[in-house]
Structure formats: C-alpha cells, structure tokens
Amino acid sequence: MKRRTALAALASVPAALSLPAFAQSNTRIVFGYTAVTDFASVFVAAENGYFKKRALDVELKFIPINSTIPAAVQADSLQIGGPTPSVFLQSVDGGLDHVAVAGAGVTSKNITAFGLIAKAGSGIRSAKDCVGKKIGVPGLGAFLHVTFRAWLKDQGVDYRKVNFVEAAFPQHGDLLRGGSVDAVVSADPFMSRITDTGVGYVASYYSTFLPEGQPTIIHVAKRDWVAKNPAAARGFREAVQEAAAFMVQPKNDATVRAAIGKYIKLPPEVLAKAQISPPAPVVTEKQLTYWVNLMKDQDMLKSLPDVARLIAK
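Predicted model only: the values in this text are computed from it and were never measured.

K.L.:
Just give me the short version of empty space enclosed by the protein, but keep the residues and values in it.
P.N.:
Within the structure shown, the criterion is met by three cavities of 30 Å³ or more. Looking at the largest cavity, its volume works out to about 290 Å³. Its residues placed into classes, the lining of the largest cavity shows 12 nonpolar, seven polar and two charged. Space inside the second largest cavity adds up to approximately 60 Å³.

Written as structure tokens, this is what we have:
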C-alpha cells in the first residue's frame, strides 16, 4: 500500500482508539460478509482477538449475494452485516430502520481489483460495446452495479440499453464459459481466476474513474438493536478501528492476507496478488451524501434520506 493511502487510512482512526470502551457483558453478534477483500478489517479483528478483547462473541457468516444482507439483518439472522452503500440506502428508502455502525474498505485510484470482464472473443472493449449485451453483476443495485452504470453514463452510454443479470461472484467464470452472459462486472479473486484461465479478459478497469475514499462496504445494524446494545455497537466499531491501524503497517501484510484467505478461501498464489482496499472504519455524512447523489441520478431513491440519522453515534 502506498504511503499516502496508509496515512489517509490512519487519519480515520481517532486518537481515542488507545482508550477503547469495552462492552459490559458478552454479546453475541452474527456478522454477514461477502467474498471480497473489503471486509479485511473485520477478518483481522476476528483473528487478532479485537472483538473478544471487547467482550464480543462475533461469528462471521458468509452471504453469497450482497443485496440480501439487509433482509437478513432485519430478520435477526444477522445482527450486523456489510451491504454496499447503495444496498444499504435502498433498504432504508424501502422502509428498513438500519444505521451504519462502522466502515470497511474505500475506493482508491490505485486499486484495479475490480472491473468489466468480457468473454473471450466477445469483442467488448468499451462502454459503447456493452449496448444490447447481457452483463452479470454480483448484486442488482449493489456497489459494482451502480458504479458501473455511472461509468456507462459518464462514457455517453444509456445504461438502460444494457441487460443486467444478478449472479454471485463464484458463478462469474462458469457463466462466461457457458455463454450465458457476454461480460461480468467482477472483482478479485474471481476476476484474476477468469483472466488467468483465458475464459475472459479485462475490458475496462472502470473503477479508476471513481473518486478517492468512498466506501465500498458499510457495516449496518437495526437502529433498535444499536439502541439496546450501545456498548456492543461501539465495541464493534472500535475493534475494526484497531484492525485498520494494524492493516496499514507494512510489516503486518502477511498476517492480513492470511486472515483474508481464511474467510474467503483464497489459494496462496491468488492471495499473494490480491489488492486490498484501504480501510476506513468511520463512515461520514459526506460519504453517504456522495452515494445518495449517485443513486438519485439513477432514479434509485424515492426520497432523500437524512444522512446524519443514518450513522450510529
């Protein structure tokens, strides 16, 4: 990780980190994650004992499709989950009373770990080539879907002329191989596996057009759960803050990668090459406002939320 990125990440960790507020009693939390490295700070917190240090019993549960996480949180199958910002905001717009407890990874111009992967022989090389094509995304309305549509619009393409289908990350290679889709918007490690086998190629690292420091994942919980468990919510946030501080130290790179590999089952050769998004454990109103404006531009919200109320204090 470049020094500038590391310093920016450290700046998001408050000075009060050295004096954590511990949960008063053991609190069980089932946490939902998807198979992306953006959850690295949670993986590190679990492996380094930062949750246990705060009397939190956190079980990490894999969720195949990101867009299903808010429903699982609402049903209490999860106490905290990591939807993308757009999935979170749409769920709130739809009536769920959820709040952001902590942040995860954020965008960076240096990250090329996700993009448009076209089927070998498809001829897709630009945004215009996507018109009329069937493109798989890991969650309709989720981060990759929304940001890819924003890129299409930025390139002068009407995204409504592109056919999007929802498909979990592990399916992307098989869908391309079988010809069910012409391209996928995917992320590592699945993107690298596809290109390494020759099934597809990177048509665009479209992600580099995104602004720096925008959240890719937001850890959310029901508002009433946070109200009933304020120490646990605070302890969870402080645990990922401590993990973020650990992550940005170059000497800890191998340990961080080992934690990621354990939870998203990466083979060593893929794990060694995987890019890790900069951690940013604190979610801000400015970040949520960026996402609200992006989604409003795509007619994804019925009303404009009060972003200040969407962040747990």
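K.L.:
Which residues make up the nonpolar core, and what are the values?
P.N.:
Buried together is how nonpolar side chains tend to be arranged in soluble globular proteins. In this structure, Phe 148, Leu 152 and Phe 236 are the most contacted members of the largest nonpolar core, which totals 88 residues. When residues of this core are assigned to their parent elements, the largest contribution, eight residues, is made by helix α9 (residues 230-247). Contacts of Phe 148, omitting those with residues within four sequence positions, involve Leu 116, Cys 130, Ile 135, Phe 164, Val 185 and Tyr 206. Ranked by size, the runner-up nonpolar core spans nine residues in total, among them Ala 167, Leu 175, Val 184 and Val 199.

K.L.:
Tell me what's going on with the packing of aromatic side chains, and back it up with residues and numbers.
P.N.:
Per the stated rule, a full pass over the model turns up 18 aromatic pairs. Each ring, one from Phe 114 and one from Tyr 206, has its centre 5.9 Å from the other, and the planes form 75°; the classification is edge-to-face. Pair noted here: Phe 114 is in strand β5 (residues 114-119) and Tyr 206 is in the loop between β9 (200-204) and β10 (218-222), with a separation of 92 residues, a long-range link. Looking at Tyr 206, the relative accessible area reads 1%, which means it is buried.

Calculation notes
Residues numbered from 1 in each chain as written. Predicted model: local features only at pLDDT ≥ 70, side-chain atom pairs only at ≥ 80, totals over all residues. Heavy atoms only, no water. 1 Å grid on protein atoms, 1.4 Å probe; cavity = no way out; pocket = protein on both sides within 12 Å on 5 of 7 lines; lining within 4 Å. Points joined across faces, edges and corners; volume = space filled by probe spheres on them. Nonpolar A, V, L, I, M, F, W, Y, C, P; charged D, E, K, R; others polar. Core = buried A, V, L, I, M, F, W, Y, C linked by side-chain atoms within 4.5 Å. Buried < 20%, exposed > 50% of the residue type's maximum accessible area, 1.4 Å probe, protein only. Helix = DSSP H or I, 4+ residues; strand = E, 2+ residues; numbered from the N terminus. Contact = heavy atoms within 4.5 Å. Phe/Tyr/Trp six-rings, centres within 6.5 Å; stacked < 30°, edge-to-face > 60°.

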